[in-house]
Amino acid sequence: MNDFILPDIGEGIVECELVKWLIKEGDVIEEDQPVAEVMTDKALVEIPAPHAGTVVKLYCQEGEIARVHAPLFAVDDGSDSDGDKTGHGERENDHAGDVMTVAAPARSTAQTQSAASQATSSQSDVTTSAPAAAAINGAAATPTAAALERRSRDFILPDIGEGIVECEVVTWHVAEGDTVEEDQTIVDVMTDKALVEITASEPGRIVRFHYAQGENARVHTPLYAYVPDEEAEAESAESTESDVTSPERKQVQPERLAEHRQEGDDKSGQDGRHEESRPRIPATPAVRRLLREHQLDIQVIAGSGRNGRVLKEDVLAYLKQSEAHETDVTPDDSHKVGAAAETDKADAEACAVVSDVASDVASDEVRSSRLESKAVPLKGVAAVMARRMVQASTQIPHFHYGDELDITDLLALRARLKVRAEQQGIRLTLMPFIMKAMALAVIEEPILNARLSEDESEILYQGACNIGMAVDSASGLMVPNVKGVERLSILEIAREVGRLTEAARSGRVAQADLKGGTLTISNIGALGGTYAAPIINQPEVAIVALGRTQRLPRFDGEGNVCARDIMTITWAGDHRIIDGGTIARFSNLWKHYLEHPDEMLLSLS
């Protein structure tokens, strides 16, 4: 039996309404036969069958919401029938526990109990010593694990980006045997563009990992096997009934069996089965991750979203309220804290003296061991960056153009607007102004926002100015871009810059944010550099590197020396379609907007 996973049915669509089933359980379907109609927020979509087979189970009812990359229905294509028969034949001569497990699908509960009783009886006739009891317990545990394996389903690795066929398994956040909730983070995988978080499609128990950390997993292949909650409970009930009908096993070790059952009950309680009666509160995987980081129960937080959905803002507000209710330090306690601080200071000074003495007598052998010889594979984002930089530098004839920007007035304007932006929860930097001025200059010189066709026979002018910014993240260099800068306000650009920067530094940028860039800014000055010779982000035709801002002496209009804030810039252009005059005119217009930010108002639409 295979689960049909609901595929991607539109960019940005994560769920849809199941309007109508065109099949029912027990129907024999053919490949590409329409099986269901679903309604997204854009259109009515018809879902075809991936292959022929018999419909075993429908996971959603008409009118319910189905999630993309989650099982939609189960189909039996007949491929497992031969394997089941072979497996049964091979195991006929195994011990009784295995026979019971293999035959379980074809027997009733009473027959299963009888087989378990006979198996236990035959083993207890041999000996009733402690080793025999341990062997019986092991035999009882084996069928449960095998039965869970038999009831398990495979989670199919979904599409995680356009053109991506495989990814590296970076970190498993759970272990085999763990019980997981819906939308809980299961594993982090690294594509050639970003770090992607894979979440559980439904609650259940992890049975087996198909890939180890560091291995490459292919899209549309099984990533891990799991048993849904209802299947695990059914198996536990069968296992409990089998234990009750085995009097010989009770005679061998009644106390251990009772203790085992008690532990099973405790574990089931810990797994959260007693919470199934409570309604599930909707929340995104990012919100659930935030709750786990702060060890919060979602039940205690009032959701302000649709249908009671808990939003990130709700969690942050709850944390802020909790901090406000914490008891302040009393005056008496403050004296104690001050005394403790003095003691800690004295201890720190003593430790510093000892550390200095120890460092003075450190041998050259110890000092030489600070460096380590090792080989680190080049993969993920770093490998893609290496390939693209080589390709861009060898295929594109670069030429560079440098200049200085006097941003004294721009810094003063930002200082006046910063407080108002912070009231709206937005961090206002220079980047939104720089991007907006660049988009305005693109309107006058649109070729800077163009690209060359693959056969180099056409210049393709772009209908939107999507400005990218290079971010130095833990996963390597990423270049997310702000879409449609020419249509956005300064505050809207600032909000997007903040979101993309935070996502890039954590290595979790959405694929849509990395695609479609038309012009790139590299802010090398944030790290202290003054000049740079950037490499164009192909297929774009230009990139600018911003140097650090310095307070330098300059002459004013009357010849007096005054202090001004100067930023150095370095452009790189594709000399196949851009010449020096074009980039100079573009840079001068961009420079004028930044040096006279009040004049930007005249060009804003």
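See the structure above.
It should be emphasised that the depicted structure is a prediction, and the values quoted were computed from it without experimental measurement. Going along each chain's sequence as written, the residues are numbered from 1 onward. In keeping with the model being predicted, local features are shown solely for residues with a pLDDT of at least 70 and side-chain atom pairs are shown and tallied solely at 80 or more, while totals for entire chains, interfaces and linings include all residues. The side-chain quantities take in all heavy atoms of the structure and omit both hydrogens and water.

(A) Structural detail: the sheet that holds strand 20 (residues 467-469). Across the sheet, six strands lie side by side as 17-26-25-24-20-23; this open sheet has mixed pairing. Each of the sheet's edge strands pairs with one partner strand only, and the pair in question is strand 17 (398-406) and strand 23 (481-482). A pair of strands counts as paired when DSSP detects no fewer than two bridges linking them. Counting from the N terminus, the helices are the DSSP runs of H or I reaching at least four residues and the strands are the DSSP runs of E reaching at least two. By the bridge criterion, three bridges tie strand 24 (residues 519-522) to strand 25 (residues 542-555) in an arrangement that is parallel. Among the inter-strand pairings, Ile521 is bridged to a residue of strand 25, identified as Val544. We call two residues in contact whenever any of their non-hydrogen atoms come within 4.5 Å of each other. Think of each axis as a best-fit line through the C-alpha atoms, taken over the contacting stretch in the case of a helix, with angles from 0 to 180 degrees between the N-to-C directions. Here helix 13 (residues 408-423) sits on the sheet in contact with strand 17, strand 25 and strand 26 (561-574), set at roughly 100° to strand 26. The strands that helix 17 (residues 580-595) touches are strand 17, strand 24, strand 25 and strand 26; relative to strand 17, the one it contacts most, it runs at about 20°.

(B) Spatial organisation of the packing of aromatic side chains. Only rings of Phe, Tyr and Trp enter the pairing, Trp through its six-membered ring, and a pair is recorded when the two centres are within 6.5 Å. The plane angle decides the type: under 30 degrees is stacked, over 60 is edge-to-face, the rest tilted. The tally for this structure, following the rule as stated, stands at eight aromatic pairs. A centroid spacing of 6.0 Å and a plane angle of 55° characterise the contact between Tyr224 and Tyr226, whose relative ring orientation is tilted. Of the two residues, Tyr224 and Tyr226, both sit in the buried class. Centroid distance Trp571 to Phe586: 5.4 Å. Interplanar angle 85°. Geometry classified as edge-to-face. On the criterion of sequence distance, the pair formed by Trp571 in strand 26 and Phe586 in helix 17 is long-range, its members being 15 residues apart. Here Trp571 matches Phe586 in class, with each residue buried. Three or more aromatic residues link up through ring pairs in this structure, and these residues are Phe155, Trp172, Phe209, Tyr224 and Tyr226. For every residue, the accessible area obtained with a 1.4 Å probe (protein chains only) is divided by the maximum for its type, and the residue is called buried under 20%, exposed over 50%, and partly exposed between those limits.

(C) Highlighting the packing of helix 14 (residues 431-444) against helix 15 (residues 490-505). Interaxial distance between helix 14 and helix 15 falls to 9 Å at its minimum, and their mutual angle equals 120°. Between helix 14 and helix 15, the angle falls in the class oblique. Relative to helix 15, the crossing made by helix 14 is right-handed. Residues Met431, Pro432, Phe433, Met435 and Lys436 of helix 14 touch helix 15, and the partners they reach there are Ile490, Ile493, Ala494 and Val497. Taken together, the residues that form the contact of helix 14 with helix 15 break down as eight nonpolar, no polar and one charged. Relative orientations are named as follows: roughly parallel for angles under 35 degrees, roughly antiparallel for angles over 145 degrees, roughly perpendicular for angles from 65 to 115 degrees, and oblique for any other angle. Crossings are assigned a handedness: left-handed for a near helix turned anticlockwise from the far helix by less than a right angle, right-handed for a clockwise turn. Gly is placed with the polar residues, together with every amino acid not listed as nonpolar (Ala, Val, Leu, Ile, Met, Phe, Trp, Tyr, Cys and Pro) or charged (Asp, Glu, Lys and Arg).

(D) Main features of the sheet that holds strand 15 (residues 216-218). Strand order across the open sheet formed by four strands is 13-12-10-15, with antiparallel pairing between neighbours. With partners counted over all chains shown, the strands left at the sheet margins are strand 13 (195-199) and strand 15, one partner each. Shown here is a sheet whose adjacent strand axes are inclined to one another by a mean of 45°, direction ignored. Pairing between strand 12 (residues 185-190) and strand 13: five bridges, direction antiparallel. The residue of strand 13 that forms the bridge with Val189 is Val196.

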